[in-house]
Amino acid sequence: MSISRRTARSVRILGVASATAALALGAAGNALACNISEFSAEAKCDGTKGIISVTDVDASGTSAVVSVFLENNGADVQKVGEQEVKGSRAGVTITFAEDWKPNATYRVHVKAGNLVDADIKGNVTAPSTACETESPSPSASETPKPSETPSSPASETPSANPSESESSAAPATPGDNAPSPAAGSSNLAETGANSNTPMIAGIAGALVVVGGGAVFFGMRRRGASKSS
């Protein structure tokens, strides 16, 4: 039984349509597949701390393992860390804490099943300026304290003039400051041998006698004048 021309034509059209659909699905699948170009990384500061951030914009959400290595002259020096990430169309970012030095170089490797096993092209170079550090605040033990002048107890207050108190407390030595007696007074008090007392007494007696005589003669003369 022979196939009609119309039937053969319909089969050809259907085959072309199927092939076109297959190509479209393949292209769409490749577009949704995880790709190294969908990963990016940079070294930056998070406040005062250095970090390496990696962003995944894989719309398929394929799980990928990201590893970061410190490089020196094209060789790995140290592994900074490793994390798993599932990207999205909006992008998912993961960070690695790293106290990077200015101009340091890092290699970022991505492994996503059998789809991706490569490094992010160009590696990552840290900025030429380090992250700013906070000024250290003084601790409680280092905080300067205001000077305090303790008040001295009254018992500890020194005497204003120690020499005066000592001189007043010390007993006076007899004869140190007393005036010396006159030479004549000393002779009279001791013996009286050299005293002028006898001569003075004689003169006083003579005056008494003379005075008495004068009074006597005066009264007698007065009486005589009255009788005549």
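Residues numbered from 1 in each chain as written. Predicted model: local features only at pLDDT ≥ 70, side-chain atom pairs only at ≥ 80, totals over all residues. Heavy atoms only, no water.

### Points about a nonpolar patch on the surface
Moving on, step 1. A cluster of nonpolar side chains, namely Met199, Ile203 and Leu207, defines an oily patch on the protein surface of about 340 Å² accessible area.
Moving on, step 2. Mapped onto the elements, Met199 comes out in helix α4 (residues 197-227). (Patch = residues over 30% accessible without salt bridge, like charges linked within 9 Å, V, L, I, M, F, W, Y side chains within 5 Å. Areas by Shrake-Rupley, 256 points an atom, 1.4 Å probe, with all protein chains shown as cover. Salt bridge = Lys/Arg side-chain N within 4 Å of Asp/Glu carboxyl O. Helix = DSSP H or I, 4+ residues; strand = E, 2+ residues; numbered from the N terminus.)

### Focus: the pairing of strand β3 (residues 63-72)
Moving on, step 1. With seven of its ten residues buried, β3 lies for the most part within the structure.
Moving on, step 2. Pairing of β3 with strand β4 (residues 75-86) involves ten bridges; the strand directions are antiparallel. From the neighbouring strand, Val68 faces β4, where its bridge partner is Gly81.
Moving on, step 3. If you look at the hairpin formed by β3 and β4, you'll find two residues sitting between the two strands, and Asn73 has a positive phi there, around 55°. (Buried < 20%, exposed > 50% of the residue type's maximum accessible area, 1.4 Å probe, protein only. Pairing = 2+ DSSP bridges.)

### As for the environment of His109
Moving on, step 1. Locating His109 in the fold gives a position in strand β6 (residues 105-112).
Moving on, step 2. Its relative accessible area of 19% is what places His109 among the buried residues.
Moving on, step 3. The spatial distance from the C-alpha of His109 to the C-alpha of Ser67 is 5.2 Å, given a sequence separation of 42 residues.
Moving on, step 4. Contacts of His109, omitting those with residues within four sequence positions, involve Val65, Val66, Ser67, Asp117, Ala118 and Asp119. (Contact = heavy atoms within 4.5 Å.)

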